[in-house]
4 protein chains.
Amino acid sequence: MAGSAGGERTARANVAAFDRWEIVPRVMTDVGQRSLAVELFGERLPAPVLLAPIGVLSLVHPEGELAAARAAAELGVPYVLSCASSHPIEEVAQAMGDGRRWFQLYWSRDRELNASLVGRAERAGFSAIVVTLDTKILGWRERDLARGYLPFLRGEGVANYLSDPVFRSRLGRPPEEDPAGAAAQFLGLALDPTLAWPDLAHLRERTRLPIVLKGILRAEDAERAVAAGAAAVVVSNHGGRQVDGSVPALSVLPDVVRSVGGRVPVLFDSGLRRGADALKALALGARAVLLGRPYVWGLALDGVAGVRSVIERFLAEIDLTMGLSGCADLAGFDAGMLRPAGPDGRR
Amino acid sequence: MAGSAGGERTARANVAAFDRWEIVPRVMTDVGQRSLAVELFGERLPAPVLLAPIGVLSLVHPEGELAAARAAAELGVPYVLSCASSHPIEEVAQAMGDGRRWFQLYWSRDRELNASLVGRAERAGFSAIVVTLDTKILGWRERDLARGYLPFLRGEGVANYLSDPVFRSRLGRPPEEDPAGAAAQFLGLALDPTLAWPDLAHLRERTRLPIVLKGILRAEDAERAVAAGAAAVVVSNHGGRQVDGSVPALSVLPDVVRSVGGRVPVLFDSGLRRGADALKALALGARAVLLGRPYVWGLALDGVAGVRSVIERFLAEIDLTMGLSGCADLAGFDAGMLRPAGPDGRR
Amino acid sequence: MAGSAGGERTARANVAAFDRWEIVPRVMTDVGQRSLAVELFGERLPAPVLLAPIGVLSLVHPEGELAAARAAAELGVPYVLSCASSHPIEEVAQAMGDGRRWFQLYWSRDRELNASLVGRAERAGFSAIVVTLDTKILGWRERDLARGYLPFLRGEGVANYLSDPVFRSRLGRPPEEDPAGAAAQFLGLALDPTLAWPDLAHLRERTRLPIVLKGILRAEDAERAVAAGAAAVVVSNHGGRQVDGSVPALSVLPDVVRSVGGRVPVLFDSGLRRGADALKALALGARAVLLGRPYVWGLALDGVAGVRSVIERFLAEIDLTMGLSGCADLAGFDAGMLRPAGPDGRR
Amino acid sequence: MAGSAGGERTARANVAAFDRWEIVPRVMTDVGQRSLAVELFGERLPAPVLLAPIGVLSLVHPEGELAAARAAAELGVPYVLSCASSHPIEEVAQAMGDGRRWFQLYWSRDRELNASLVGRAERAGFSAIVVTLDTKILGWRERDLARGYLPFLRGEGVANYLSDPVFRSRLGRPPEEDPAGAAAQFLGLALDPTLAWPDLAHLRERTRLPIVLKGILRAEDAERAVAAGAAAVVVSNHGGRQVDGSVPALSVLPDVVRSVGGRVPVLFDSGLRRGADALKALALGARAVLLGRPYVWGLALDGVAGVRSVIERFLAEIDLTMGLSGCADLAGFDAGMLRPAGPDGRR
């Protein structure tokens, strides 16, 4: 969970990038009534925060994604369920009642499998599909390599697949009898390195849900995403877990925001650790942020309560930082609240 | 005392900001007779230094603010008494004889309480009111949260309130009988997140003392402060204890100085540790600086003598650095004495 | 092996220089079929990687250069044999079958010796001569000085000389009988600090092989190298082992590439540790890179298998990073894939 | 010896400043015959290096300045004797035979004392007077303060004074009988904070020796130094021992060189640790450098031999770095050999 790709330089750069922007608080504005609410897809979120999709959470806690989803639901924070969940879509949905939920899809080579997963999510009350674009091949993760760790071979993080009728139909024998065969099938099918822009049409035809494209780092890719009908884009480098040496996500956020020009919401993840980080991303044009690793630490320590505690503290720090900066709501925390770090605020 | 807000990034940035400016000493000027004197509010101060308002000093020494005030008085350095003092206004005044003293006000929701506190300060010989603008809500201080520390609940740092007739009149039972009730009342009353520019008129009508506005970080807020009748402004981010992720105070000092344009004095705190730091702030346009945490370390170690020792050393280092830079007085230590750090002095 | 010149500042700067450029991955391009192949001297290399010439490898493993050469041959990676090899040219050639190999020459004061070494390499199937320009004098290497270490005096790293008929003809007695005399002769002959541009004509007349000039850091020297008939140049500062305080090699690569203007291939070494580093050098205009120290660590740990493992991992990380960045081949990984590190990608 | 002023930020910045410039070596130039010789005051020095004046060397070795002077003489390196020497002028002169020597003067309030010291130096074969401009008051040195250390009170570093007829004539009783009285007299007399440009005329009239002004950091002060008849200036911040927070000496060297415009030689000290540092200062316009602390470490470890060893290694590293950079002499190592550190060599 803590590990990233290669020398983990991008993972560190993600965090350091926030220090390049500094908040310049205003004083003497009434901040007695504050709101962190934002609008997304026509709905009002209580705060500009979602839980990012992180798979195989059974690694840190037996309740895994169920616990994370429950905590999110209790606080009204949307939960993005990872395709590589330790628990199947339907169980997660049940655990979170009517809590807002999105489903993250790793695009498979098997289009029927994609359609099956998306259909199940749709039926289980997930309200958006997040397609991860930056993981068509697994990154070079040395901590995993050094441990010889691949969860899928141990049957972890494949609950959505083992429970899927299309996936099961591809197997010679049921996974309960032949786990190795199922794992081999999974490794062969789960990702599709040939995925390209034209393929998205296939997904658009199969679901009525908004499609969110995650992993955009270039202005021209954001442009193509909008042209391809994306309902939102997520600026992200997968928390530094894919391309070590890549640009910190925050550094390219302004480029993407400029390119999108308000046509769809821009979301953000990668490197967020504190309330001020979220506000900086918002001031640079993100509509909301996806909180990742921090909630996993909460999960590891205390299950549902741990995740809830991390979210509560993250929101509290956002609220205090916004209020202490003189803003009563997020509309007020615009680009004028920041300045580039340096002796005179010029770059 | 050592802790700051959030990840304490701004607290560290405050200190590091001084390294971005370097002194370029002159040689061969007569510095046999040197003076650190500055004029402030028509009075001549022996040095461009005041003690910053820091509350709850009983945490580090039983004599708390009494000791700090006494040390300041012995050296002719103005003492700014914190609203959250461990000892009441009147006792501090008595302890420091005719030493110069200012009173720092945390603006309460209860306007009569504000008026009462200010009136007491006025009667006790305090010669200016410092209104802290950056603390209408308490910052996110993790060291305190981790320790479950809130001094006010233990009756510390509330001496000015418990001794105040208006505050006492708000209680159902006297604090001596119902400390919990007093603490609850304090927490509900002490700060006012709705405080805004128009409210200042209320204070201006209630006191003949000059009003100093502390916590200004933006040129336009400095402009409004002057327009609102402030007698001086203090560029400060509360030593990094309020908005983690905010700009280091030194970085915005030139902006504020330019905006104020000499109409009122600009004071400065946040990050000062050494004599050269003070001189850099002065060269960038501050009239005087408020020394904060360093005197608390002196207090913790040796009471009055410890505070005196810290102040003496701070002044000695200012004096030596000024003299060794070729300046016999502070008028000579102007912006031309500095250059931005870097290979060629250009930003 | 780990040591560099002086305070090893340039060795560290070489590595840090890669962090000044960041990859901006593309998404949604078909990377199902990827190739790392590049063309060099009319031949197709499987990857843009050669093993850099490093001498005296017997220091870390008894099979020394034989093992490194074998591993390179097994993976189709060209091996550049150091002039200061622990094993003679002919043995290395035999060990690697028809694996691609180049011979690196330290230009001797004794032109007949140069001609003899080059002739032997030519006959042993080496297909290019790499003349190292940055080592006409040995650098100031404090780790060696502190240990009183000079391998040549112990008969290490001189196999090519002791086996050379011209070298032997310069000795009064055979080296087997008088090792000290041979060592003295070696020290007197091996390098030529007077080597200058006109001397290259001598070598050009003696060999039909392409001549690669290694150690170029200036645009005007690259220009002269092309004019002097170099078949390729290597931008390198010898891994920081010669001039401590010199520019990191990566910083000057764009200058040299611009100067050469595509007339001959530009190769690169110094500071490469990971796949992303190689891609950054290629995006800045290098045709291929020479991997140095990392393969020595593999050799030290596990001989042939260790070197092979290091190369395999290096190539795997290049392949994954290229693919995850949205490029199916190296032609696609051009300068547009990078941006300078910083808040807005401007320098 | 290791300590500097204040927080020792300038001492660290002095060293770090060299990393802002990087050498770009040339290749393929004949460096078989190299020379480090420079001309200074009409004489040819074997290398562009002098030993900087450092006083109270008895602290680290009983032979103190005698040993340093002897080592310098043996290697033909000029020795600048500190005014605060542990051994009198005449003994140092005798120890170094006809080795080149300059005398550094701390300008006293007592002009007759200045004249006496300079006259003694002149008679003892010293060939220049170095007036230190940056030490008219002692810096704020916390390591010394923490130890309660003041060598002069213990009779150390005052040999030139105790042996001086003018100084002795100022005492009520001879120092052998009343050391405390002598120390008090020394502290009262030794420095003159009123020293200003017009005072130099006094010295010019009293000696035929060239006057070198040490401690210049500003272009306009360099201009005044030349106008006042200085034979050379030394860009120096006293190794960071006087104004903590001051500019690193290397950063202002180009300004001073530009201001002096070749009318007199510009020398340099502060922060030099390695050969490349010396070459960078020379490339930026210094005629020669003064090596300071490093030779004291040699002295502490091994007396004369230790100092000699440090100088020899320093010269060897300069020679190798020059040669490996493609220059046969220092005239070739000009500003074109450097470039500012950074991704593209632009500032």
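Note that the coordinates shown come from a computational prediction; the quantities given were computed from them, not determined experimentally.

What counts, and at which threshold
Every residue gets a number counted from 1 within its own chain, in the order that chain's sequence is written. The order in which chains are written sets their letters, starting at A; the order in which ligands are written sets their numbers, starting at 1. Selection of residues for local features in this predicted model requires a pLDDT of at least 70, selection of side-chain atom pairs for listing and counting requires 80 or more, and totals for whole chains, interfaces and linings are taken over all residues. By convention in this description, side-chain values take in all heavy atoms of the structure and omit both hydrogens and water. We count a stretch as a helix when DSSP gives it H or I for four or more residues in a row; a strand needs E for two or more, and each element gets its number in order from the N terminus. Only C-alpha atoms enter the radius of gyration; for comparison, a globular chain is expected to reach 2.2 Å times N to the power 0.38, where N is the number of residues. Classification of residues uses two cut-offs on accessible area relative to the type maximum, computed with a 1.4 Å probe and protein chains only: under 20% is buried, over 50% is exposed, and between them is partly exposed. In this analysis, two residues are considered to be in contact whenever any of their non-hydrogen atoms come within 4.5 Å of each other. All accessible areas in this document rest on Shrake-Rupley with a 1.4 Å probe, and a residue is counted as covered only by the protein chains that are shown. The positive count covers Lys and Arg only, the negative count covers Asp and Glu only, and His and the chain ends enter neither. Charge placement uses NZ in Lys and CZ in Arg. For Asp and Glu, CG and CD serve respectively. Accessible area, probed at 1.4 Å, shrinks when two parts are joined; the buried area is that loss added up over both. For this analysis, a salt bridge means a side-chain nitrogen from Lys or Arg found within 4 Å of a carboxyl oxygen belonging to Asp or Glu. By the criterion applied in these results, polar contacts are pairs of N or O atoms within 3.5 Å in which, for protein atoms, one can donate a hydrogen and the other can accept it, and in which residues neighboring in sequence qualify only through two side-chain atoms. Polar here means any residue outside two lists: the nonpolar Ala, Val, Leu, Ile, Met, Phe, Trp, Tyr, Cys and Pro, and the charged Asp, Glu, Lys and Arg; Gly therefore counts as polar. Least-squares fitting of one copy onto the other uses the C-alpha atoms of those residues that reach a pLDDT of at least 70 in both copies. What pLDDT reports is the predictor's confidence in each residue, on a scale of 0 through 100. Between 30 and 60 degrees the pair is tilted, below 30 it is stacked and above 60 it is edge-to-face, where a pair is any two Phe, Tyr or Trp rings, Trp via its six-membered ring, whose centres lie within 6.5 Å. Two strands are said to pair when DSSP picks up at least two bridges between them. With strands facing away from the observer, any crossover in which the path from the first strand over the helix to the second runs clockwise is taken as right-handed. Every helix has an expected span of 1.5 Å times one less than the residues it contains. Working note: the arc is built from the helix axis to C-beta atom directions. Axis geometry follows a simple rule: fit a line to the C-alpha atoms, using only the stretch in contact for helices, then measure angles between N-to-C directions, giving values from 0 to 180 degrees. Less than a right angle of anticlockwise turn of the near helix away from the far helix marks a crossing as left-handed, whereas a clockwise turn marks it as right-handed.

**Q** Please provide a residue-by-residue account of the overall build of chain A, values included.
**A** Scanning chain A for helices and strands turns up 13 helices and 12 strands. Computed over C-alpha atoms, the radius of gyration of chain A comes to 20 Å, within 12% of the 20 Å expected from 2.2 N^0.38 for 347 residues, which places it in the range of a compact globule. Counting only C-alpha atoms and orienting by the principal axes, one finds that chain A spans roughly 70 × 40 × 40 Å. Scored against the burial criterion, the 347 residues of chain A give a buried share of 65%. Considering only residue pairs separated by 6 or more positions, chain A has 73% of its internal contacts joining residues 24 or more positions apart. Counting only carbon and sulfur atoms, one obtains 51% of the accessible surface of chain A, whose full area is about 11,900 Å². Between the centroid of the 40 positive side chains of chain A and the centroid of its 40 negative side chains there is a distance of 3 Å.

**Q** Provide a residue-level description of the interface of chain C and chain D, including the pertinent values.
**A** Taken together, the 35 residues of chain C in the interface contact 33 residues of chain D. Overall, the association of chain C and chain D removes approximately 2,900 Å² of surface from exposure, summing both partners, and the carbon and sulfur fraction of that is 59%. Taken as a group, Arg9, Trp140 and Arg218 of chain C account for 24% of the area that chain C buries against chain D, more than any other trio of residues on that side. At the junction of chain C and chain D, the tally comes to five salt bridges. The tally of links between chain C and chain D comes to 14 residue pairs in polar contact (both at pLDDT 80 or more). Those elements that provide at least two residues to the side of chain C that touches chain D are strand 8 (211-216), helix 10 (219-227) and helix 11 (249-260) of chain C. Residue contributions to the side of chain C that touches chain D peak at three residues, all from helix 11 of chain C. Partitioned by chemical class, the residues of the side of chain C that touches chain D number 15 nonpolar, nine polar and 11 charged.

**Q** Any chance you could break down the relation of the copies chain C and chain D for me, citing the residues and the numbers?
**A** The second copy of the chain is related to the first by a rotation about an axis and a shift along the axis. Its rotation angle being 90°, the transformation that places chain C on chain D also includes 0.0 Å of axial translation and leaves an RMSD of 0.0 Å. As the rotation angle and translation indicate, the two copies are arranged about a four-fold axis.

**Q** For the confidence of the model for chain A, give the residues involved together with the corresponding values.
**A** Residues of chain A with pLDDT of at least 70 account for 99%, and the chain-wide mean is 96. Across the interfaces of the predicted complex, the ipTM metric reaches 0.96, alongside a pTM of 0.96.

**Q** Account for the environment of Ser246 of chain D, naming residues and giving values.
**A** In this structure, Ser246 of chain D sits in the loop between strand 9 (232-235) and helix 11 (249-260). A sequence separation of 237 residues divides Ser246 of chain D from Arg9 of chain D, and the C-alpha atoms of the two residues are 8.5 Å apart. Ignoring any residue separated from it by four or fewer positions in sequence, one finds Ser246 of chain D in contact with Glu22, Ile23 and Pro25 of chain B together with Thr10 and Asn237 of chain D.

**Q** Which residues make up the interface of chain D and chain B, and what values do they have?
**A** On the chain B side, the residues contacting the 35 residues of chain D number 33 residues. Both sides together, the interface formed by chain D and chain B hides about 2,900 Å², and carbon and sulfur atoms give 59% of it. It is Arg9, Trp140 and Arg218 of chain D in chain D that bury the most area against chain B; as a group they hold 24% of the surface buried on that side. Where chain D touches chain B, the interface holds 14 residue pairs in polar contact (both at pLDDT 80 or more).

**Q** With reference to specific residues and values, describe the arrangement of the chains.
**A** A gap remains between chain B and chain C, which never touch, and the nearest two C-alpha atoms on either side lie 13 Å apart. Considering only C-alpha positions, the minimal separation of the non-contacting chain A and chain D is 13 Å.

**Q** Go over the packing of aromatic side chains with me, naming the residues and quoting the values.
**A** Residues and elements named next belong to chain A. Counted according to the given criterion, the structure contains 24 aromatic pairs over all chains. Judged by centre distance (5.5 Å) and plane angle (20°), the rings of Phe41 and Trp102 are stacked. Within this pair, whereas Phe41 is found in the loop between strand 2 (38-40) and strand 3 (43-45), its partner Trp102 is found in strand 6 (residues 101-105), the two being separated by 61 residues in sequence. Overall, Phe41 belongs to the partly exposed group, its relative accessible area being 29%. Between the aromatic rings of Phe152 and Phe186, the centroid separation amounts to 4.9 Å while the plane-to-plane angle is 40°, which identifies the pairing as tilted. You can see Phe152 sitting in the loop between helix 5 (142-147) and helix 6 (159-162) and its partner Phe186 sitting in helix 8 (residues 179-189), a full 34 residues away along the chain. Here the two residues Phe152 and Phe186 agree in accessibility, since each one is buried.

**Q** Would you mind going over the pairing of strand 7 (residues 129-132) of chain D in detail, with residue names and values included?
**A** Residues and elements named next belong to chain D. Residue alternation in strand 7 divides its side chains into two sets, Ile129 and Val131 and Val130 and Thr132, and both sets are buried. Of the strand pairs in this sheet, strand 6 (residues 101-105) and strand 7 are connected by three bridges, and their pairing is parallel. By the bridge assignment, Phe103 is partnered in strand 7 with Ile129. As defined by bridge partners, strand 7 adjoins strand 8 (residues 211-216) across four bridges and the pair is classed as parallel. If you follow Ile129 over to strand 8, its bridge partner there is Ile211.

**Q** How would you explain the pairing of strand 6 of chain A if you had to name every residue and give the values?
**A** Residues and elements named next belong to chain A. Among the five residues in strand 6, five count as buried, and that is most of the element. Residues Arg101, Phe103 and Leu105 point to one face of strand 6 and Trp102 and Gln104 to the other, with burial holding for every one of them. Where strand 5 (residues 79-81) and strand 6 come together, three bridges link them in parallel fashion. Bridged to Leu81 within strand 6 is Phe103. Running through helix 3 (residues 89-95), the crossover from strand 5 to the neighbouring parallel element strand 6 is right-handed.

**Q** Which residues make up helix 11 (residues 249-260) of chain A, and what are the values?
**A** All names here are of chain A. The end-to-end C-alpha distance of helix 11, which contains 12 residues, comes to 16 Å, matching closely the 16 Å that a straight helix rising 1.5 Å per residue would cover. Listed as buried for helix 11 are Ala249, Leu250, Ser251, Val252, Leu253, Pro254, Val256, Ser259 and Val260. Residue Gly261 follows helix 11 closely and has a positive phi angle near 55°.

**Q** Outline the side chain of Asn114 of chain D, supporting the account with residue identities and numerical values.
**A** Mapped onto the elements, Asn114 of chain D comes out in helix 4 (residues 111-123). Setting aside anything within four residues of it in sequence, one finds Asn114 of chain D in contact with Leu105, Tyr106, Trp107 and Ser108 of chain D.

**Q** Could you give me a rundown of the environment of Val158 of chain B, with the residues and numbers involved?
**A** By the element assignment, Val158 of chain B lies in the loop between helix 5 (142-147) and helix 6 (159-162). Contact partners of Val158 of chain B, with chain neighbours within four places excluded, come to Ser85, Phe152 and Phe186 of chain B.

**Q** Give a detailed account of the pattern of salt bridges, specifying residues and quantitative values.
**A** A complete count under the given rule lists 104 salt bridges over all chains for this structure. One salt bridge in this structure joins Asp19 of chain B and Arg9 of chain D, with 3.6 Å as the shortest N-O distance. Highlighted residues: Asp19 of chain B in the loop between helix 1 (9-16) and strand 1 (21-23) and Arg9 of chain D in helix 1 (residues 9-16), drawn from two different chains. Put simply, Asp255 of chain C and Arg339 of chain D hold a salt bridge, and the shortest N to O gap is 3.0 Å. On the criterion of chain membership, the pair formed by Asp255 of chain C in helix 11 and Arg339 of chain D in strand 12 (residues 338-340) is interchain, its members lying in two chains. Of the residues examined, Asp255 of chain C reaches a relative accessible area of 25% and is grouped as partly exposed. Its relative accessible area of 10% is what places Arg339 of chain D among the buried residues. Three or more residues are tied together by salt bridges with common partners; here these are Arg9 and Asp244 of chain A together with Asp19 and Asp277 of chain C.

**Q** Outline unusual backbone geometry, supporting the account with residue identities and numerical values.
**A** Leaving glycine aside, a negative phi is the common case for residues, and trans is the common case for peptide bonds. The backbone of Val56 of chain B sits at a positive phi, close to 55°, despite the residue not being glycine. Topologically, Val56 of chain B is positioned in the loop between strand 4 (49-51) and helix 2 (64-75). The phi dihedral of Glu8 of chain C is positive, around 60°, even though this residue is not glycine.

**Q** Before we move on, could you go through the side chain of Arg241 of chain A and cite the residues and values that matter?
**A** Residue and element names in this part refer to chain A. Position of Arg241 among the secondary structure elements: in the loop between strand 9 (232-235) and helix 11. Asp144 is the oppositely charged side chain nearest to the buried, salt-bridge-free Arg241, at an N-O distance of 4.9 Å. Apart from the residues lying within four places of it in its own chain, the contact partners of Arg241 are Met1, Gly3, Ser4, Ala5, Gly139, Arg141 and Arg293.

**Q** Describe the environment of Glu312 of chain A, naming the residues involved and giving the relevant values.
**A** Checked against the element boundaries, Glu312 of chain A lands in helix 13 (residues 293-324). Residues Glu312 of chain A and Ala71 of chain A, 241 residues apart in the sequence, show an inter-C-alpha distance of 9.9 Å.

**Q** Which residues make up helix 10 of chain C, and what values do they have?
**A** In an α-helix there are 3.6 residues to a turn, and that puts residues three or four apart on one side. Residues and elements named next belong to chain C. Here helix 10 has its buried residues at Asp221, Ala222, Ala225 and Val226. The buried side chains of helix 10 occupy one side of the element, clustering within an arc of 140° when seen end-on. On its buried face, helix 10 is in contact with strand 8, strand 9 (232-235) and helix 11. Count one or two residues on from helix 10 and you reach Gly229, which has phi positive near 95°.

**Q** Can you explain the packing of helix 12 (residues 275-283) of chain C against helix 13 (residues 293-324) of chain C? Please cite residues and give values.
**A** Residues and elements named next belong to chain C. At a minimum axis distance of 7 Å, the contact between helix 12 and helix 13 shows a crossing angle of 65°. Both helix 12 and helix 13 take part in a crossing whose hand is right-handed. Two secondary-structure elements touch here, helix 12 through Gly275, Ala276, Ala278 and Leu279 and helix 13 through Phe314, Glu317, Ile318, Thr321 and Met322. Classifying every residue of the contact of helix 12 with helix 13 gives six nonpolar, two polar and one charged.

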